[in-house]
Amino acid sequence: MRKKIVAGNWKMNLSPGEATALFMALNELPKYDAEMIVFPPLVYVQELNRVRTSAVHLGVQNFYPIESGAFTGEVSIAQVKNVGASYALVGHSERRSVFGESGEMLRAKVNACLFHEMTPIVCCGEPLVIREANEEFSFVKDQLEECLFHLSGEQLTKTIIAYEPVWAIGTGKTASSEQAEAMHKEIRSWIAEKYGTEIANSISILYGGSCNASNAEELFNCENVDGGLIGGASLDVGAFEAILKSI
Ligand code: PGA
């Protein structure tokens with residue numbers, strides 16, 4: 001079943017006090033139609049899980065896809081699961097471009113999530129030069145083939161996809177609802193080709209990239225857009241609630 005989801009990616013923002021205050025405010029929101037997931041800085045996950053009073057889910061922005069060992073500075077997916085996370089972002093454009101994460105690394109991360117019964121939100125999206133060259137569809141298809149389409153159909157249904165055009169992330173330039181719907185529809189058609197329509201219709205595909213209180217409704221009204229992955233606007237409880245209400 002395609003779930004409606006609104007997820008907040010807090011990135012490397014907020015002090016401990018600010019993070020707890022924002023999380024508590026989210027816990028107190030009325031129940032809307034979308035599942036709510038928050039991706040705080042990793043160091044806050046355990047405490048936020050401790051103070052959680054509602055069905056706000058917690059996820060991690062990053063982890064290392066090895067079980068344990070001599071990997072200074074890294075945390076494993078089992079470790080983050082044990083402190084309360086149930087989702088993980090994989091392939092966010094900032095991880096790809098700033099930290100050079102390869103397709104092979106992303107595939108290993110997806111596999112590690114599934115092995116530990118964690119849900120990966122697999123991000124894809126083209127940079128501006130690729131869109132200007134009208135090559136966005138083949139670019140995004142290659143990204144998904146690299147890190148997602150090696151899975152079995154049954155495994156794929158345990159994942160979520162987020163389409164985030166790189167030119168829209170943190171820039172204030174949102175994809176139009178036509179651009180978002182065109183890509184989401186293509187993504188669903190690639191899944192249908194490889195795995196069948198039943199599986200294609202069961203996968204949630206979120207939009208991300210300058211999604212905010214004023215454009216969320218139009219984006220979420222698109223047939224193939226099942227919710228959003230929200231950066232900047234997720235740091236403000238009023239804006240985040242407005243986005244939740246738009247579902
Ligand atoms: P933004 O970030 O909403 O600030 O553009 C989205 C994201 O990076 O997931």
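Higher on the page you've got the structure.
Residues numbered from 1 in each chain as written. Predicted model: local features only at pLDDT ≥ 70, side-chain atom pairs only at ≥ 80, totals over all residues. Heavy atoms only, no water.

Enquirer: Explain the site of the ligand residue by residue, including any values.
Expert: The immediate surroundings of the ligand are formed by 13 residues, with K11, H92, E164, G170 and S210 found nearest. In the environment of the ligand, an oxygen atom lies 2.6 Å from a nitrogen or oxygen atom belonging to the side chain of E164. Counted by class, the shell around the ligand contains four nonpolar, seven polar and two charged residues. (Near = heavy atom within 4 Å. Polar contact = N/O pair within 3.5 Å; in protein donor to acceptor, adjacent residues only side chain to side chain. Nonpolar A, V, L, I, M, F, W, Y, C, P; charged D, E, K, R; others polar.)

Enquirer: Please provide a residue-by-residue account of helix α9 (residues 177-195), values included.
Expert: Given 3.6 residues per turn, any residue in an α-helix points the same way as the ones three and four places further on. The terminal C-alpha atoms of α9 lie 26 Å apart, and with 19 residues this matches the ideal 27 Å at 1.5 Å per residue to within 8%. Buried within α9 are the following residues: S177, A180, E181, M183, H184, I187, R188, W190, I191 and Y195. (Helix = DSSP H or I, 4+ residues; strand = E, 2+ residues; numbered from the N terminus. Expected span 1.5 Å × (residues − 1). Buried < 20%, exposed > 50% of the residue type's maximum accessible area, 1.4 Å probe, protein only.)

Enquirer: Talk me through the sheet that holds strand β8 (residues 227-230); I want residue IDs and the actual numbers.
Expert: Within the closed barrel, the eight strands sit side by side as β1-β2-β3-β4-β5-β6-β7-β8. Their pairing is parallel. Taking the axes of each pair of neighbouring strands and ignoring which way they run, one obtains an average angle of 25° across the sheet. Bridge count for strand β2 (residues 35-39) against strand β3 (residues 57-60) is two bridges, and the pairing is parallel. Within β3, the position partnered with V38 by the bridge is L58. Helix-sheet contacts for helix α5 (residues 103-115) involve β4 (87-90) and β5 (119-124), and the interaxial angle to β4 is about 170°. (Pairing = 2+ DSSP bridges. Axes fitted to C-alpha atoms, helices over the stretch in contact; angles between N-to-C directions. Contact = heavy atoms within 4.5 Å.)

Enquirer: Now, about empty space enclosed by the protein: what can you tell me, with residues and values included?
Expert: One simple way to see leftover space: roll a probe sized like a water molecule over the atoms. Overall, the coordinates contain one cavity of 30 Å³ or more when judged by the stated rule. The calculated volume of the largest cavity comes to roughly 40 Å³. Contributing to the lining of the largest cavity are G91, S93, R96, C123, C124, G125, Q143, E164, V166 and I169. When grouped by side-chain class, the residues that make up the lining of the largest cavity number four nonpolar, four polar and two charged. (1 Å grid on protein atoms, 1.4 Å probe; cavity = no way out; pocket = protein on both sides within 12 Å on 5 of 7 lines; lining within 4 Å. Points joined across faces, edges and corners; volume = space filled by probe spheres on them.)

Enquirer: Which residues make up the layout of surface pockets, and what values do they have?
Expert: The computed volume of the largest pocket comes to approximately 440 Å³. Taken together, 19 residues line the largest pocket, and the ones lying closest to its centre are M12, Q61, N62, R95 and F99. Per element, the largest residue contribution to the lining of the largest pocket is three residues, and it comes from helix α4 (residues 93-98). In the lining of the largest pocket, the residues fall into ten nonpolar, five polar and four charged. By volume, the second largest pocket amounts to about 230 Å³. Here the lining of the second largest pocket is built from residues that sort into nine nonpolar, three polar and three charged.

Enquirer: Can you explain the pattern of salt bridges? Please cite residues and give values.
Expert: In total, this model carries ten salt bridges according to the counting rule given. Here E35 makes a salt bridge to K3, at a shortest N to O gap of 3.1 Å. Separated by 32 residues along the polypeptide, E35 in strand β2 and K3 in the segment before β1 (5-9) bring together distant segments of the chain. The buried category is assigned to E35, whose relative accessible area is 17%. The partner of E101 in a salt bridge is K109, and the shortest N-O contact between them spans 3.1 Å. Take E101: its relative accessible area is 11%, and that puts it in the buried class. Where salt bridges share partners, they join R2, R188 and D226 into one cluster. (Salt bridge = Lys/Arg side-chain N within 4 Å of Asp/Glu carboxyl O.)

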